[in-house]
Amino acid sequence: MTAKLIDGVAVAQKIRDECRERVQRIIAQGGTPPGLAVIIVGSDPASQIYVRNKIRACANVGIKSFRFDYPADVSQDTVIDQIMQLNDDPAVHGILVQLPLPPTFDMSRILHSISADKDVDGFHLYNVGGLVVGGTVFPPCTPYGVLKLLEHEHITLEGKNVVVVGASNIVGKPMALMLMQHEATVCICHAKTRDLAQFTILADILVVAAGYPNLIQPEMVRTGAVVIDVGINRLSDGQLVGDVNFAGVVAKASYITPVPGGVGPMTVSMLLVNTITSCERWQQQNFVPIVKKFSSARAAT
Ligand code: NAD
């Protein structure tokens, strides 16, 4: 068997075309165009590239972007003050703080100062809680992109054995919760899992997000499994690879995502989707911000 390659570049492009149409519709109806604020602290070269790509993608579909660069030694309070201003800015519908932050920063304090109504990365506790009970407003972009790739290939999740390798707050855990919402049977593995292969071999769908090249070898994959490689690793010779031994696993899987060109381009597309969704929400006639919804629910009890 040779797996079908899932073309993340093509699917991501299709989603961007839909984004452009949604933005045009908002503007045609006299609405404020979507706006995304991006905050970057320090000069990490990879982060600089990611931010540049996100801003370029915004421009490409008609989303306005507002970039705020801070040196690594900026105070946390300065960044939080900036976020507070953006929370109140009607031209901004999404706020993104590029990770990682310098080690002196309290990441959760920064992320939780972003309004849940502008949390287009989906890291605010409200949106994370929504993943558990259903009804999150902004699904985190990378796992959301994985779901869209599966949907595009008409790969259903109900009743499937899905093994997620990696349990980070950004990829693995939200991925598992989203899969559970789709009634998959989900197993989460991580760095402390003993004998990883005994779990991965059971997977109808294997999602790997560990950040460890060649972690998944062909003997760990069931014949005909769907393999989604989220990992992005730069080897010493400069080559970009995922977490899966692609050359070996491609001969065993039914579908596989390449690296690069698989999940990566989807992450940026889903950020655009979340930003436009936010813009549309803010402009709904009966829009009630999440914070107000909670305080009025409390008042009613
Ligand atoms: P992380 O370091 O925060 O988490 C890694 C997770 O993998 C942890 O839960 C850890 O326990 C687990 N893990 C590590 N080694 C393992 C092993 N040997 N066996 C089993 N589990 C192991 O990383 P992250 O932010 O979740 O990112 C994971 C990978 O996905 C990285 O390569 C990252 O670059 C990539 N990534 C890609 C995208 C994208 O858009 N394609 C987005 C985010 C992250």
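The structure reproduced in this document is the subject of the present report. (Residues numbered from 1 in each chain as written. Predicted model: local features only at pLDDT ≥ 70, side-chain atom pairs only at ≥ 80, totals over all residues. Heavy atoms only, no water.)

### Description of the environment of Ile232
Residue placement: Ile232 occurs in the loop between strand S8 (226–229) and strand S9 (233–234). Distance from Ile232 to Asn169, taken between C-alpha atoms, is 17 Å for residues 63 residues apart in sequence. Sequence-distant contacts of Ile232, that is, excluding residues within four places in its chain, are made with Tyr50, Leu240 and Val241. (Helix = DSSP H or I, 4+ residues; strand = E, 2+ residues; numbered from the N terminus. Contact = heavy atoms within 4.5 Å.)

### A closer look at the layout of surface pockets
By volume, the largest pocket amounts to about 1,400 Å³. Lining of the largest pocket is provided by 47 residues; of these, Tyr50, Thr142, Ile232, Gly264 and Thr267 occupy positions nearest its centre. Of all the elements in the fold, those that place two or more residues in the lining of the largest pocket are helix H1 (8–28), helix H2 (45–61), strand S4 (94–97), helix H6 (141–152), S9 and helix H10 (263–282). With 9 residues, the single largest contributor to the lining of the largest pocket is H2. Considered class by class, the residues forming the lining of the largest pocket number 27 nonpolar, 13 polar and 7 charged. (1 Å grid on protein atoms, 1.4 Å probe; cavity = no way out; pocket = protein on both sides within 12 Å on 5 of 7 lines; lining within 4 Å. Points joined across faces, edges and corners; volume = space filled by probe spheres on them. Nonpolar A, V, L, I, M, F, W, Y, C, P; charged D, E, K, R; others polar.)

### Some remarks on the state of the cysteines
Taken as a whole, this structure holds 0 disulfides when the rule is applied. Between Cys141, a cysteine without a disulfide, and Cys58, which holds the nearest cysteine sulfur, the sulfur-to-sulfur distance is 11 Å. Assessed through its relative accessible area of 4%, Cys141 is described here as buried. (Disulfide = S-S within 2.5 Å. Buried < 20%, exposed > 50% of the residue type's maximum accessible area, 1.4 Å probe, protein only.)

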